[in-house]
Amino acid sequence: MSSTPSAAEPPIVADIAGLRRQLVEWRRSGDRIAFVPTMGSLHDGHLALVAEARRRAERVVVSIFVNPLQFAAGEDFAAYPRSLEADRARLTPMGVDLLFAPSEAELYPSGREGLTQVIVPGLSGQLCGAWRDGHFEGVTTVVSLLFHIVQPDIAVFGEKDYQQLAIIRRMVNDLHFPVEVVGVPTAREASGLALSSRNAFLSAAQRGQASRIYRELQEAARALQAGRRDIARIEEQALQALKTAGLEPQFFEIRQPDLSAPDDATQQFVILTAARLGSTRLIDNLSVNCAKA
Ligand code: PAF
């Protein structure tokens, strides 16, 4: 599908008009566009998204925008790592055609106050949404805005942000965006720790502690696979284990893949958790298939 990636530095385009001029040209040539929205500070997990985009379309656009709308008051918006030139260097061998890096004034020219919002109710208020006021509303608003600007054929997101992916799929479905949403499995360190831009805030000792999150997800998955269905007890044991390891878990929940509560007939599960370690908030999830082959 994709043309051979060139090792050229992707041009950085900061204005919507400039981006649109380029997109029109590509569309005229019949090229399909795959889009990877990011907040930058790119790691190997992001590069896996880009590689998937590259496989699926002739043109790849990556956006970098640290979206203030999705940070609740008191969160790490100001401290969020920003590294545009280093990010561009990481993207260079990946064959990215364009790096869209708008300013806040370019994306929200009338300001944040009174901005039109896109909200997926229900799904946005639970799990991470219960702990991060307005977070998913900020995500769906910026992603729908970016979809309108880029008009991609395909958009690629990480499964690490399981709830975000579920919400974006729902939004795309409800609003009839002509975009195929593709999820890419979570990239992990050898210890199991899910790659995240926020891992940059962790000390070496904290990285060791943080790997406990994936171990507890695996432990809960084993319990489900062994036939245990005392869901509340499994969740409670995991919360205790995380606390004992020095983390401050916000939730550890076993759900169905659509994020509804499991029932007696449930065979496919997703286990989701969020925990603070010092000032860093970490999330992870694991899907479990208990259906007999
Ligand atoms: O997953 C992220 O990095 C962000 O939530 C996204 C999708 C780029 C929206 O700002």
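Presented here is a report on the structure given in the accompanying data block. (Residues numbered from 1 in each chain as written. Predicted model: local features only at pLDDT ≥ 70, side-chain atom pairs only at ≥ 80, totals over all residues. Heavy atoms only, no water.)

**Description of helix 7 (residues 162–174)**
In an α-helix, one full turn covers 3.6 residues, which means residues spaced three or four apart are oriented alike.
Part 1 of the argument: Taking 1.5 Å of rise per residue, the 13 residues of helix 7 would be expected to cover 18 Å, and the 18 Å separating its terminal C-alpha atoms lies within 8% of that figure.
Part 2 of the argument: Restricting attention to buried positions, one finds in helix 7 the residues Tyr 162, Gln 163, Gln 164, Leu 165, Ala 166, Ile 167, Ile 168, Met 171 and Val 172.
Part 3 of the argument: The secondary structure elements touched by the buried residues of helix 7 are helix 5 (128–131), helix 6 (135–150), strand 5 (154–158), strand 6 (180–184), strand 8 (268–277) and strand 9 (280–289). (Helix = DSSP H or I, 4+ residues; strand = E, 2+ residues; numbered from the N terminus. Expected span 1.5 Å × (residues − 1). Buried < 20%, exposed > 50% of the residue type's maximum accessible area, 1.4 Å probe, protein only. Contact = heavy atoms within 4.5 Å.)

**Some words on the sheet that holds strand 6**
Part 1 of the argument: As summarised here, the arrangement of the 6 strands in space is 1-4-3-2-5-6, forming an open sheet in which the pairing is parallel. Strands at the two margins of the open sheet, each flanked by one partner only, are strand 1 (12–13) and strand 6.
Part 2 of the argument: In this structure, strand 1 lies alongside strand 4 (residues 98–100), joined through 2 bridges in parallel fashion. Bridge pairing in strand 4 places Val 13 opposite Phe 100.
Part 3 of the argument: Helix-sheet contacts for helix 1 (residues 16–28) involve strand 1, strand 2 (33–38), strand 3 (59–64) and strand 4, and the interaxial angle to strand 4 is about 145 degrees. (Pairing = 2+ DSSP bridges. Axes fitted to C-alpha atoms, helices over the stretch in contact; angles between N-to-C directions.)

**As for the sheet that holds strand 9**
Part 1 of the argument: Pairing is antiparallel in the open sheet, where 3 strands are placed in the order 7-8-9. A single partner strand is all that each edge strand has here, and the edge strands are strand 7 (248–255) and strand 9. Averaged over all pairs of adjacent strands, the angle between their axes in this sheet comes to 10 degrees, without regard to strand direction.
Part 2 of the argument: Where strand 8 meets strand 9, 10 bridges bridge the pair, whose relative direction is antiparallel. Paired with Ile 271 across the two strands is Leu 286, which belongs to strand 9.
Part 3 of the argument: Here helix 9 (residues 212–225) sits on the sheet in contact with strand 7, strand 8 and strand 9, set at roughly 25 degrees to strand 9.

**Considering the site of the ligand**
Part 1 of the argument: Neighbouring the ligand are the residues Pro 37, Thr 38, Met 39, Gln 70, Val 139, Val 142, Val 143, Phe 157 and Gln 164.
Part 2 of the argument: In this structure, Gln 70 approaches the ligand through a side-chain N or O atom, which is 2.6 Å from an oxygen atom.
Part 3 of the argument: Residue Gln 164 places a side-chain N or O atom 2.7 Å away from an oxygen atom belonging to the ligand.
Part 4 of the argument: Protein contact buries 88% of the 290 Å² of open area that the ligand shows by itself.
Part 5 of the argument: Breaking the shell around the ligand down by element, the ones donating at least two residues are strand 2 and helix 6. (Near = heavy atom within 4 Å. Polar contact = N/O pair within 3.5 Å; in protein donor to acceptor, adjacent residues only side chain to side chain. Areas by Shrake-Rupley, 256 points an atom, 1.4 Å probe, with all protein chains shown as cover.)

**Structural notes on the environment of Thr 116**
Part 1 of the argument: Position of Thr 116 among the secondary structure elements: in the loop between helix 4 (104–107) and helix 5.
Part 2 of the argument: Of the residues examined, Thr 116 reaches a relative accessible area of 65% and is grouped as exposed.
Part 3 of the argument: For the pair formed by Thr 116 and Thr 141, sequence separation is 25 residues and the distance between their alpha carbons is 7.8 Å.

**Comments concerning the nonpolar core**
Part 1 of the argument: In terms of nonpolar packing, the biggest core is built from 45 residues, with Val 61, Leu 107 and Phe 147 touching the most fellow members.
Part 2 of the argument: Put simply, the parts of the chain that give this core at least two residues each are helix 1, strand 2, strand 4, helix 6, strand 5, helix 7 and strand 8.
Part 3 of the argument: Per-element tally for this core: the top contributor is helix 6, with 9 residues.
Part 4 of the argument: Not counting residues within four places of it along the chain, the set of residues in contact with Phe 147 comprises Phe 35, Pro 152, Ala 155, Phe 157, Met 171, Val 172, Phe 177 and Val 179.
Part 5 of the argument: If you look at the next biggest cluster of nonpolar residues, it comprises 27 residues, including Leu 224, Leu 239, Ile 254 and Val 288. (Core = buried A, V, L, I, M, F, W, Y, C linked by side-chain atoms within 4.5 Å.)

**Some words on unusual backbone geometry**
Part 1 of the argument: Phi angles above zero are rare outside glycine, and Leu 127 is one such case at about 45 degrees.
Part 2 of the argument: By secondary structure assignment, the location of Leu 127 is in the loop between helix 4 and helix 5.
Part 3 of the argument: Since its relative accessible area comes to 5%, Leu 127 is described here as buried.
Part 4 of the argument: Phi is positive for Leu 259, close to 80 degrees, though the residue is something other than glycine.
Part 5 of the argument: Judged by its relative accessible area of 3%, Leu 259 falls in the buried class.

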